[in-house]
Amino acid sequence: MQVWSFASGSDGNCYLLESEGTAVLVECGRPYTQIIDFLAATGIEPDTLSGILLTHAHGDHSRSARYFSQEHGVPIYASIGTLGALQLQNPKLGRPVQSGKTYQVGQMDLKPFAVPHDCREPLGFRFESGTGRAGIATDLGWVPPNVAKQFRDLDLLVPEANYDPHLLETGTYPHFLKRRVSGAYGHLSNAAAAEAIAVCGDRAPHVVWLAHLSEQNNSQKHALQTVARVLRRHGLSRVSIRTTHHRRSNLRWTSNVARERQLPLFA
Ligand SMILES: [Zn+2]
Ligand SMILES: [Zn+2]
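Since the model is a prediction, treat every value here as computed from it, not as a measurement. (Residues numbered from 1 in each chain as written. Chains lettered and ligands numbered in written order. Predicted model: local features only at pLDDT ≥ 70, side-chain atom pairs only at ≥ 80, totals over all residues. Heavy atoms only, no water.)

Student: Break down the coordination of the zinc ion (ligand 2) for me, citing the residues and quoting the values.
Tutor: Around the zinc ion (ligand 2), the donor atoms from the protein are His56 (NE2), His58 (ND1), His117 (NE2) and Asp139 (OD), and they sit 2.2 to 2.3 Å away. Around the zinc ion (ligand 2) sit 4 donor atoms, and with donor-metal-donor angles ranging over 90 to 170° the site reads as irregular. Mapping the donors of the zinc ion (ligand 2) onto the primary sequence gives the spacing H-x1-H-x58-H-x21-D. Here the zinc ion (ligand 1) and the zinc ion (ligand 2) are spaced 3.6 Å from one another, each receiving a donor from aspartate 139. Placement of histidine 56 in the loop between strand 4 (51-53) and helix 2 (59-62) and of histidine 117 in the loop between strand 8 (108-114) and strand 9 (123-129) is noted, with a sequence separation of 61 residues between them. As far as the burial class goes, histidine 56 and histidine 117 line up, both buried. (Donors = N, O, S within 2.8 Å, 3.2 Å for Na, K, Ca; no water. Tetrahedral: all angles 85-135°; square planar, octahedral: opposite > 155°, others 65-115°. Helix = DSSP H or I, 4+ residues; strand = E, 2+ residues; numbered from the N terminus. Buried < 20%, exposed > 50% of the residue type's maximum accessible area, 1.4 Å probe, protein only.)

Shown next as structure tokens:
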């Protein structure tokens, strides 16, 4: 399994996930031409994608989904709430998914789970295949037990680490926006993301990409330091932590499960 972070934050989110020949875009929130450029750099053709997976309909996640889907005939997997907001020209390209069920997308299992966010039926996603397990959950106000459970036993977790409470409090956001961000249907703080990883204990993910960092209310340094400190306190220094970039492709992860499986072939 391979995952790329193309972009992450309130100016647009987009990730690519590939496993055993199945490739999907997760989120499609950057301008269309940029997503095409991102894909070109990976060598994956847009027409060969098995799906565009959207967690929710906010523009920073869904902006180019409708056009991309129509242009390349790629189906959109999302909740009914998200699909309703997209108003697809060709409804046949919509694939409604529900929290708690498992869907086969090519060679991958897709397991959507409900998250608390101020949008209709927002989801997080868990992916499992013969070569790895990855999870993505950004845009959630807190981590309820059904979500915390999905963070266990992953090779790669991409959680949101949106804000540092002190930077948010002393920053320039108007009061109502500060309340929205830190509310139960807003975004996760660095410490809340860290705690959600820490409660996994022995079953914590091997690699964590902190995503959807606010440009006003967070910094890479704040996110990394806070999360590393909490994980260290819980004896989880082994977890490798990186941060995504707002507008460019900066991270690529390859599961070592495939390599472990392949080893006997060369022995
Ligand atoms: Zn967002
Ligand atoms: Zn959102």
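Student: With reference to specific residues and values, describe the coordination of the zinc ion (ligand 1).
Tutor: Note on the zinc ion (ligand 1): its protein donors are Asp60 (OD), His61 (NE2), Asp139 (OD) and His212 (NE2). The metal-donor distances range over 2.0 to 2.3 Å. Taken together, the 4 donor atoms coordinating the zinc ion (ligand 1) and their angles of 89 to 160° define a geometry best described as irregular. The sequence pattern formed by the donor residues of the zinc ion (ligand 1) is D-H-x77-D-x72-H. For aspartate 60, a relative accessible area of 11% corresponds to the buried category. On the basis of relative accessible area, aspartate 139 is assigned to the buried category, the value being 2%.

Student: Go over the sheet that holds strand 2 (residues 14-19), please, and point to the residues and values.
Tutor: Taken together, the 7 strands give an open sheet; going across it, the order is 6-5-4-3-2-1-14, and neighbouring strands pair in mixed fashion. Every interior strand has two partners, whereas the edge strands, strand 6 (94-96) and strand 14 (251-254), have only one. Shown here is a sheet whose adjacent strand axes are inclined to one another by a mean of 20°, direction ignored. Pairing of strand 1 (residues 2-7) with strand 14, which is carried by 4 bridges, proceeds in the antiparallel orientation. What sits directly across from tryptophan 4, in strand 14, is arginine 252. This element, helix 1 (residues 32-42), spans strand 1, strand 2 and strand 3 (22-26) of the sheet and lies at about 145° to strand 1. (Pairing = 2+ DSSP bridges. Axes fitted to C-alpha atoms, helices over the stretch in contact; angles between N-to-C directions. Contact = heavy atoms within 4.5 Å.)

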